[in-house]
Every structure is written in structure tokens, then in C-alpha cells.
Amino acid sequence: MDLGQPRAPSPTVPVTLTINGTNHSLDIPPFVTLLDLLRGNLALTGTKKGCDHGQCGACTVLVDGVRINSCLKFAVSLDGTEITTIEGLGTPDHLHPLQKAFVEHDAYQCGYCTPGQICSAAGLLSEGHAKSREEIRELMSGNLCRCGAYTNIADAIEDVMGAEGRETVREAAE
Amino acid sequence: MRQFSYLRPTGISDAVAALAAEPTAQLLAGGTNLVDLMKYDVAQPSAVIDINGLPLKEIEVLEDGAYRIGALTTNSQVAYDPRIARDVPLLSSAILAGASPQLRNAATSGGNLLQRTRCYYFYDPSTPCNKREPGSGCSAIGGINRIHAILGASEACIATHPSDMCVALAALDATVEVTGPTGARTIPFPDFHRLPGDHPERDNTLQRGEIVTGIRVEGGRFAAHHSYLKLRDRLSYAFALVSVAAALDLDGDTILDARVALGGVAHKPWRNPLAEAELAGQPATRDTFEAFARRLLSGAKGQGHNDFKIPMAEKAIVRALMQAASGRPQVQSEKRLR
Ligand SMILES: Cc1cc2nc3c(=O)[nH]c(=O)nc-3n(C[C@H](O)[C@H](O)[C@H](O)COP(=O)(O)OP(=O)(O)OC[C@H]3O[C@@H](n4cnc5c(N)ncnc54)[C@H](O)[C@@H]3O)c2cc1C
Ligand code: SF4
Ligand code: FES
Ligand code: FES
């Protein structure tokens, strides 16, 4: 590593990212956030930009299975990770259980916050810390919904959590 | 955003050397504060040193039973670590009171210590701010100062430190481990952050080129009687107007030892060790706590919009100590006060 004088700005940095199961070797300027990379360069516009400052959760994606705000991550800092966006959770023919539950429970109005809500809920389910409705609400508080669909969002998540619970019980019984 | 050079050192000494060589370089950990400040053009690093490759991601138990929390552990990792949740529940609770699950998944322990104030003027480069631009003046004095300090402020700056985690660490007498160009040293928590004085541009006492490597905190002692009580404009995902980290060691109803730190009220977590010492031997009653609260807040001064914080803090201190004494700490997912 060269530790001499102030360095010139890095024009681009090579990174490898797996996005929704596809490998991408990219050269990206270091100031590009994961959110802008997804929506701009990769045309994956399912992930939404709400505030661009970590204050709304619309940009939530999963990095190595963990939910984060993609607007506050430089893409170059995620070299070697696996990223899942709403496009990678389900397809129109095979909806993710959370997508199905959001449809069934009318868990949106305009839908702008929905991809972030669903990615966040997927993260919440795999974290496994929410055991009650109160805890679901607290642990979904990083996702704002200007349309105020909160009650139905909590219903949808509770539904999937309940189904997963029943699944585990059934598996254990078999 | 301005251009910058991007470095990804893999060893602590490389990171220290890179930071020491370029005074305008900044470290990147979780990015949840630095990237935000770069977008607002408040932070203008010429180089960003990504330290996510450094081996500082573990929580270790030391020989004396204390915990050493690596600087790159995430806030979620620490809060949900079963050992920390059991032995240092005040720390878990304070972390879970802060930010959002997504942010806590990205935010690191080191970055949390170093996060900058949320003063609105600090965030707005079109306004004077001594912290952002030394000598330019303080827009919050005589401006909108609802979220600002009531204790320890100076004529140069009335900002508060926004962290929840640090309030618990202050109450628990943690120490901060750092490594710099001349080697490693440890900093007692009260000496890590500083009051604004004439140099509000300096939030802490780190020297040039120093990197936080870990935080050392003892467990066990206050696990039975503690509470982190955070009061804010929304019930979650909002910074503290006032917060209290309370920890008691009791013998029956008699106080053996007490620690109380306040958040949201000063440029650093606020404590008064003398007043705490006087609690020893006293009964754990409301009267005792009310007298203590007045003592802890002595010298408090409002700036106009934030005058409400003084009575709010007084009540919050008493409430948190009552919760701690009864062994019923505030639970962060529960939105009623206990
Ligand atoms: C919308 C929002 C709400 C929030 N709400 C809360 C809240 O309620 N309570 C709360 O406590 N926090 C809150 N936060 C702040 C959050 O906790 C911090 O942004 C986070 O802890 C910073 O950690 P990081 O790893 O992301 O730091 P980074 O952004 O990577 O770095 C922050 C600073 O620390 C320096 N740094 C990082 N690591 C080290 C190290 N090892 N040694 C020396 N310097 C280092 C960096 O150079 C930088 O200056 C909120 C943030 C946002 C965006
Ligand atoms: S309070 Fe401090 S941070 Fe805020 S405007 Fe004044 S000098 Fe700047
Ligand atoms: S766009 Fe990222 S949190 Fe709002
Ligand atoms: S559905 Fe419109 S913002 Fe949530």
C-alpha cells in the first residue's frame, strides 16, 4: 500500500457483487451508493429512493441476508457480498409469501414504500427477534409509510410469521 | 458529492498509517453517518479509508470477566449477543432504543462513538456553525434550539451528542481502546467525548491518526437493577430529547452503588459522580431520587425552545431510577412508560 502524499481521487474501483443470484463484475466510482447502482447502472428500479438519508427505509435491501438502507452504503464497500432486492425475492408467477400476504391484506396504498417494507420484513423474519405484534411494530419502525398502511402491514407480517410458525410445528411433528 | 480516493487497508497499522498520512482522510465503518454527512457536503474527506476489512468484529470475554467489544461489531450484533443481553442489559437496551433495525445492522460500535451531532445548522452548510466551520458563529444560539443542550454548553456551541449507546457506556464506566501512530492506549469513557468549550469542532479526544479498536465494559454488577428510558418526539426511530441510563446495586432497599448518565442534554453523556457517591447508603425511594435528580441537573440552563428539557429530564431521572430499583426496566418495544 502506498502511504505517500495525498492521493488523487479514485476514478473507479473494481468490485464483484452477486445481485439476486447473478454475478456482476463492475468498475464503479467510489461515491456511488448501492441504491444508485441498483436503480441507475443496473436498472433494478424496484428498490425505491425516499429520503436518500437513512430516514425512511424505502431503499431497504438484504446484504448477505441482512436488511440495510442501501442509500447509506457506498457500493464499493460491499465487494464480495450477495445482495437481494425485491426483484430477487419473488416473481409475478411465484410471489414470496410476504408479497402474497401484502396483496391479501392490502398492506399499501400508493405502493412506494412497499419494496422496502417487504425486504425489511424478510430481514425481520430471518432475524427472529420479533415474537409479538408489539415487537413487529417496533422492529418495522425503520420503514415509514406516508399512506399510513401500518396496520395492514403488521397484519401481513403477522400472517406470514404465524404460517412459518405453523410450518415449523408441522415439520417438528413429522 | 465531492470526489475522494478510496482505500481498503486490511491491517490496523496500515489503516493508522493511511489516516495519519492524510489529515483530511476519514475512516468508513458502517457509513450510516459519514455517507449521510458527505451527501450534505458537511464531511469532505479527500480520502475514505474503508476499515471493514480489519479484524475488529468480535465480542470477547476477557480474563477478568469483562467484555471487549470490537470497534467493527454492528450495533445489532452487540445488542442481541446473548452474553451482553444477560450481563450488560443496560447496553443492549440503549442500543435497541436507537435508530432503526436496518441502521443498527449497518452501524458499528466505533462509528456510534464517533457519530456527529444532529444540530440542524451543523447539517446545513449555508448557515454559520462553529462545529462545522470554526469561527463562523453558532446559529442555534438565538435560533431554533429545541433539541439542544441544557448542560455543559459554551458560547461557541450548544449541540448535543446524539448517541444512545454512549449513554449506557458512560453509566457503565466503559473504556475505549485506541491505536495510533505511537501505539495503543485506553481512554476512560468520561474523557473520550469532550464539552464544546472554545473548540466545538472537536467532539472527542482522539489524536491524529488514532483509530478506535474496541470498547471494554464490565458485566454482571448492574444487571438486576437498570433501565434505559428514552423520551423523544416519536415512539421509535427518533433521536432522544432526553434519555437516562440508570444502574443500581441494591442491598434490599438500600443503595450500595448508583450510576446515572443522561443523553440528549449535553455535548457528551452527562454524569455527576459526586452526586452518585452520595446515594450510597440511602434508601431507594422516590424522595431520594427526586433530590438526586435536582442535584444532577444543577446548573441546567435552557436556550428558549428547549427549556422544557429541564423538567422533562428531572422526571425522567426519577422514573428511570424507580424502574431500575423495582427491577422492571423500560422495554424498548413497549410504548407505555413503566
Ligand atoms: C435516520 C437516522 C436515525 C438515527 N437514530 C439514532 C438514534 O436514535 N440513536 C443513536 O444512537 N444513533 C442514531 N443514529 C446514528 C447511528 O447510530 C450512527 O450513524 C452509527 O452508529 C454510526 O456508525 P457507523 O459505523 O455507520 O459509522 P460511520 O458513518 O462509518 O462513521 C461515523 C464516524 O466515525 C468514524 N469512525 C468509524 N469507525 C471508527 C473507528 N473504529 N475509529 C475511529 N473513527 C471511526 C468515521 O470516520 C466517521 O467520522 C441514526 C442515524 C440515522 C441515519
Ligand atoms: S450548536 Fe454547535 S453544531 Fe449547532 S450551530 Fe451551534 S456551533 Fe454548530
Ligand atoms: S431512501 Fe434510504 S432510508 Fe430513505
Ligand atoms: S403505501 Fe404509500 S407510502 Fe406506504
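For the structure itself, look to the data block above.
Every residue gets a number counted from 1 within its own chain, in the order that chain's sequence is written. For this description, chains carry letters from A and ligands carry numbers from 1, given in the order in which they are written. With the structure being a predicted model, the display of local features is reserved for residues of pLDDT at least 70 and the display and counting of side-chain atom pairs for 80 or more, all residues being used for whole-chain, interface and lining totals. Calculation of side-chain values draws on the structure's entire complement of heavy atoms; hydrogens and water are dropped beforehand.

Q: Residue-level account of the packing of helix H11 (residues 286-296) of chain B against helix H12 (residues 309-326) of chain B, with values.
A: Residue and element names in this part refer to chain B. The geometry of H11 relative to H12 is characterised by a closest axis approach of 9 Å and an angle of 140° between their N-to-C directions. On the basis of the axis angle, H11 is oblique to H12. Handedness of the H11/H12 crossing: right-handed. Facing Arg286, Phe289, Glu290, Phe292, Ala293, Arg294 and Leu296 of H11, the residues of H12 in contact are Glu314, Ile317, Val318, Leu321, Met322 and Ala325. Residue classes in the contact of H11 with H12 are distributed as nine nonpolar, no polar and four charged. Axis definition: a line fitted to C-alpha atoms, limited for helices to the stretch in contact. Angles are taken between N-to-C directions and run from 0 to 180 degrees. Helical segments are the DSSP runs of H or I of at least four residues, strand segments are the runs of E of at least two, and each set is numbered from the N terminus. Working definition: roughly parallel below 35 degrees, roughly antiparallel above 145 degrees, roughly perpendicular at 65 to 115 degrees, and oblique for all remaining angles. Two helices that cross are described as forming a left-handed crossing if the nearer one is turned anticlockwise from the farther one by less than a right angle, and a right-handed crossing if clockwise. A contact between two residues is defined here by any heavy atoms of the two lying within 4.5 Å. Three residue categories are used. Nonpolar comprises Ala, Val, Leu, Ile, Met, Phe, Trp, Tyr, Cys and Pro, charged comprises Asp, Glu, Lys and Arg, and polar comprises the others, including Gly.

Q: I'd like to hear about the site of ligand 2, residue by residue, with values.
A: With respect to spatial proximity, 14 residues lie near ligand 2, and among them B:Cys119, B:Cys129, B:Cys138, B:Cys157 and B:Ile158 are the closest. Classifying every residue of the shell around ligand 2 gives ten nonpolar, three polar and one charged. Each residue is tested against the molecule or strand, and it is near if at least one of its non-hydrogen atoms lies within 4 Å.

Q: How would you explain the side chain of B:Thr117 if you had to name every residue and give the values?
A: Residues and elements named next belong to chain B. The topology assignment puts Thr117 in the loop between helix H7 (109-114) and helix H8 (165-171). When its relative accessible area of 4% is taken as the criterion, Thr117 is described as buried. There is a polar contact of 3.2 Å between the side chain of Thr117 and the backbone nitrogen of Cys119. Polar contact criterion, stated in full: a pair of N or O atoms within 3.5 Å, where within protein one must be able to donate a hydrogen and the other to accept it, and residues adjacent in sequence count only if both atoms are side-chain atoms. A polar contact of 2.8 Å, which involves the side chain of Thr117, links it to the backbone oxygen of Thr160. When residues no more than four places from it in sequence are discounted, the contact partners of Thr117 are Phe122, Tyr123, Lys131, Ala159, Thr160 and Pro162. Relative accessibility thresholds used throughout: buried, under 20% of the residue-type maximum; exposed, over 50%; partly exposed, between the two (1.4 Å probe, protein chains only).

Q: An account of the packing of aromatic side chains is needed here, citing residue identities and associated values.
A: Residues and elements named next belong to chain B. Ring pairs are drawn from Phe, Tyr and Trp, using the six-membered ring of Trp, whenever the two centres fall within 6.5 Å, and their geometry is named by plane angle: stacked under 30 degrees, edge-to-face over 60, tilted for the rest. Considering all chains together, one arrives at four aromatic pairs over all chains under this definition. With centroids separated by 5.2 Å and ring planes inclined at 85°, the aromatic side chains of Tyr40 and Tyr123 adopt a geometry described as edge-to-face. Of this pair, Tyr40 sits in the loop between helix H2 (34-39) and strand E3 (47-50) while Tyr123 sits in the loop between H7 and H8, and the two are 83 residues apart along the sequence. Judged by its relative accessible area of 31%, Tyr40 falls in the partly exposed class.

Q: Go over the interface of chain A and chain B, please, and point to the residues and values.
A: When the parts of a complex come together, some accessible area is lost, and that lost area is often used as the size of the interface. Between chain A and chain B, the contact holds 43 residues from the first and 43 residues from the second. Note on definitions: buried area is the accessible-area loss of two parts on being combined, 1.4 Å probe, summed for both. Taking both sides of the interface into account, the surface hidden between chain A and chain B amounts to around 3,500 Å²; carbon and sulfur atoms contribute 57%. Any carboxyl oxygen of Asp or Glu within 4 Å of a side-chain nitrogen of Lys or Arg constitutes a salt bridge here. Scanning the region where chain A abuts chain B turns up four salt bridges. With a shortest N-O distance of 3.2 Å, A:Glu134 and B:Arg336 are connected by a salt bridge. Applying the counting criterion to the chain A and chain B interface returns 18 residue pairs in polar contact (both at pLDDT 80 or more). At the level of elements, strand E1 (13-19), strand E4 (66-69), helix H4 (114-127) and helix H5 (133-139) of chain A are the ones that each hand at least two residues to the side of chain A that touches chain B. Class assignment of the residues belonging to the side of chain A that touches chain B gives a composition of 19 nonpolar, 15 polar and nine charged.

Q: Outline the pairing of strand E10 (residues 242-251) of chain B, supporting the account with residue identities and numerical values.
A: Residues and elements named next belong to chain B. In terms of burial, E10 is largely enclosed, as nine of its ten residues are buried. Pairing between two strands requires that DSSP report at least two bridges joining them. Where strand E9 (residues 226-231) lies against E10, six bridges are found, and the strand directions are antiparallel. Residue pairing across strands places Leu231 opposite Val242, the latter belonging to E10. Bridge count between E10 and strand E11 (residues 254-263): nine bridges; the pairing is antiparallel. Residue Asp249 lies in a different strand from E11, and its bridge partner there is Asp257. Counted along the chain from E10 to the antiparallel partner E11, the turn is two residues long, and its residue Gly252 has a positive phi close to 65°.

Q: Requested: an account of the nonpolar core, with residues and values cited.
A: Soluble globular proteins tend to bury their nonpolar side chains together. Residue and element names in this part refer to chain B. Buried residues of nine kinds, namely Ala, Val, Leu, Ile, Met, Phe, Trp, Tyr and Cys, make up a nonpolar core once their side-chain atoms join them within 4.5 Å. Of all hydrophobic cores here, the largest spans 51 residues; its most connected members are Leu91, Leu113, Leu169 and Val217. The element that contributes the greatest number of residues to this core is H8, accounting for seven residues. Among all residues touching Val217, those that are not within four sequence positions of it are Ala66, Tyr67, Ile69, Val88, Leu91, Leu169, Leu172 and Ala174. Grouped together as the second largest cluster of nonpolar side chains are 46 residues, Ala106, Phe122, Ala140 and Ala159 included.

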